[in-house]
Amino acid sequence: MSEQYRLTKVQTELLHIMEAFMEGKTEYALPDTIDGKALEELYRLSAVHKIASIVYEMIWRAPQLSGEESVLLAMRWKQMALRDVMMQVQRTEGFLRLYRRLCDNGLKPLVVKGIVCRNLYAKPDYRVSGDEDVLLRPEEFEACDRIMREEGFQRKELPAEGLPHEVPYLNSKNGVYIELHLSLFPEESGAYGHLNREFVGVHDRCICEKIQGTKVWTLHPTDHLYYLICHSFKHFLHSGFGIRQVSDIMMLAKHYGEQIDWAYIAGRLKELRMDMFFCGLLQIGERYLGMSGKEIGISDEITWPGTDCSALLMDLLDSGIFGDSSMERKHSSNMTLAAVKKGKKDTVASLGSSLFPSISYMKRGYPWLERYPWLLPTAWIMRCIQYLKRGKHGSRLGNEEENSVEIGMNRVELLRQYHIID
């Protein structure tokens, strides 16, 4: 690994800890090189990747956490881990209770990611999920919506015409948050809306798993692994994804093994220019998470393109869960998505997309565009004025926007490096 992509000692330990957790080990011994300052960074990094409860469970016996200088950090970390695990237990019970009622009423919602992935680990509740994703046939929506609302779930008002691809529900009593999908990807997305066509017929190929005594319908192993890859790819095109997504992919592949049609997945990924991206994930799994191609059932007859995972690994470690590590990184998604839609690296177009985003993006900061969409140019001007006010020493852009552009340009180059764009 070149100096540019050299892991820090904290990043290295995070990967080792995740590998140990995936293997079902009960604890991990931190090396003496991890001092109080490194512990603080390990805590921060694990929190950004939403695996703080995993890391604490693996290292809570470490001498470094019992030292006088780390007592406050240890207390804060322990409290957060206990809270997250207890809330996860509550959410899991609430979700399974709802799911049983849906099935008892003749519905067959398919659960993807979330609880299915958690169930692959020796300690499922430490692999926390903020929500549960459920895929439903459109004709089942009305009945499902009625039952969920009877069970205390609330949702936003639906549009006057048609259903969105995703409808969120929250039960404020037990904290269960569900994203009810009518399709796996937003069809209107020019960057990845076409991926819906890859999953036509999944309801007819589904399987049933038993999770904590409840029968749960989910995707066929081939479809599920393929979807996890595509889901990570979608977030990669936005602002990134974290190490937990890679571990889920590896764990699911290992669990189902020979049930997965690797030849089919390899062929589709090549057709969609996602094969080098996935090859990078495979390398990360093998080099840093202890999952070789043989362990996850990939046939030696399947050839993958030669690539180096170093840049991809550094990007996902910096990204945090779903690219949420910083606002600059989030804003950079305008540039990467524009590059994917164009199909090639175009610096002028990328900068333009950063300074003048789409109306759907601008509505987040300027909600009045919902009622007055024709005022989009005015919102752009207001946005530029804000950046000019933030600028320092005559800089044309504020620091946040400058960082966003830099991150965006680097990530567009990353898309080119992995042959996603020309």
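None of the values given here were measured: they were computed from a predicted structure.

## Looking at the overall build of the protein chain
- Across its full length, the protein chain carries 17 helices and 6 strands.
- Structurally, the protein chain occupies a C-alpha span of about 60 × 60 × 50 Å along its principal axes.
- Considering the protein chain as a whole, with its 422 residues, one finds that 53% of them fall into the buried category.
- Partitioning the intrachain contacts of the protein chain with sequence separation of at least 6 by distance along the chain shows that 70% fall at a separation of at least 24.
- Carbon and sulfur atoms provide 51% of the accessible area of the protein chain, an area that totals close to 20,100 Å².
- Between the mean site of the 53 positive side-chain charges and the mean site of the 57 negative ones, the protein chain shows a separation of 4 Å.

## Concerning the pairing of strand β4 (residues 177–181)
- Burial runs high along β4: 4 of the 5 residues are buried.
- Looking at chain direction, strand β2 (residues 132–135) and β4 are connected through 4 bridges and run parallel. Its bridge partner being in β4, Asp-133 is matched across the sheet by Glu-179.
- Alignment of strand β3 (residues 166–170) against β4, held across 5 bridges, turns out to be antiparallel. What sits directly across from Val-167, in β4, is Leu-180.

## Observations concerning the packing of helix α7 (residues 221–238) against helix α8 (residues 243–256)
- The N-to-C vectors of α7 and α8 enclose an angle of 165 degrees; their axes lie 10 Å apart at closest approach. Between α7 and α8, the interaxial angle falls into the category roughly antiparallel. Viewed along their axes, α7 and α8 form a crossing whose handedness is left-handed. The residues of α8 that touch α7, namely those facing Pro-221, His-224, Leu-225, Leu-228, Ile-229 and Ser-232, are Gln-245, Asp-248, Ile-249, Leu-252, Ala-253 and Tyr-256.
- Its residues placed into classes, the contact of α7 with α8 shows 8 nonpolar, 3 polar and 1 charged.

## Quick look at a nonpolar patch on the surface
- Judged by side-chain polarity, Val-71, Leu-72 and Met-75 come together as a nonpolar surface patch covering roughly 300 Å² of accessible area.
- Looking at the secondary structure, you find Leu-72 in helix α4 (residues 71–104).

## Topic: the pattern of salt bridges
- Under the definition given, this model contains 23 salt bridges.
- With a closest N to O distance of 3.4 Å, Asp-204 and Arg-137 form a salt bridge. With Asp-204 in the loop between β4 and β5 (207–211) and Arg-137 in the loop between β2 and α6 (141–150), this pair connects stretches of sequence that are 67 residues apart.
- The salt bridge partner of Asp-145 is Arg-149, with a shortest N-O separation of 3.7 Å. You can see Asp-145 and its partner Arg-149 sitting in helix α6, 4 residues apart, about one turn around the helix.

## Here's the deal with helix α10 (residues 275–288)
- An ideal rise of 1.5 Å per residue puts 20 Å on 14 residues; α10 measures up with 20 Å between its terminal C-alpha atoms.
- Of all the 14 residues making up α10, 12 are buried; the element is thus mostly covered by neighbouring parts of the structure.
- By the burial criterion, the buried members of α10 are Asp-275, Met-276, Phe-277, Phe-278, Cys-279, Gly-280, Leu-281, Leu-282, Gln-283, Ile-284, Gly-285 and Tyr-288.
- Following α10 by one or two positions, Gly-290 has its phi on the positive side, about 70 degrees.

Calculation rules
Residues numbered from 1 in each chain as written. Predicted model: local features only at pLDDT ≥ 70, side-chain atom pairs only at ≥ 80, totals over all residues. Heavy atoms only, no water. Helix = DSSP H or I, 4+ residues; strand = E, 2+ residues; numbered from the N terminus. Buried < 20%, exposed > 50% of the residue type's maximum accessible area, 1.4 Å probe, protein only. Contact = heavy atoms within 4.5 Å. Areas by Shrake-Rupley, 256 points an atom, 1.4 Å probe, with all protein chains shown as cover. Lys, Arg positive; Asp, Glu negative; His and termini not counted. Charge placed at Lys NZ, Arg CZ, Asp CG, Glu CD. Pairing = 2+ DSSP bridges. Axes fitted to C-alpha atoms, helices over the stretch in contact; angles between N-to-C directions. Parallel < 35°, antiparallel > 145°, perpendicular 65-115°, else oblique. Left-handed = near helix turned anticlockwise from the far one by under 90°. Nonpolar A, V, L, I, M, F, W, Y, C, P; charged D, E, K, R; others polar. Patch = residues over 30% accessible without salt bridge, like charges linked within 9 Å, V, L, I, M, F, W, Y side chains within 5 Å. Salt bridge = Lys/Arg side-chain N within 4 Å of Asp/Glu carboxyl O. Expected span 1.5 Å × (residues − 1).

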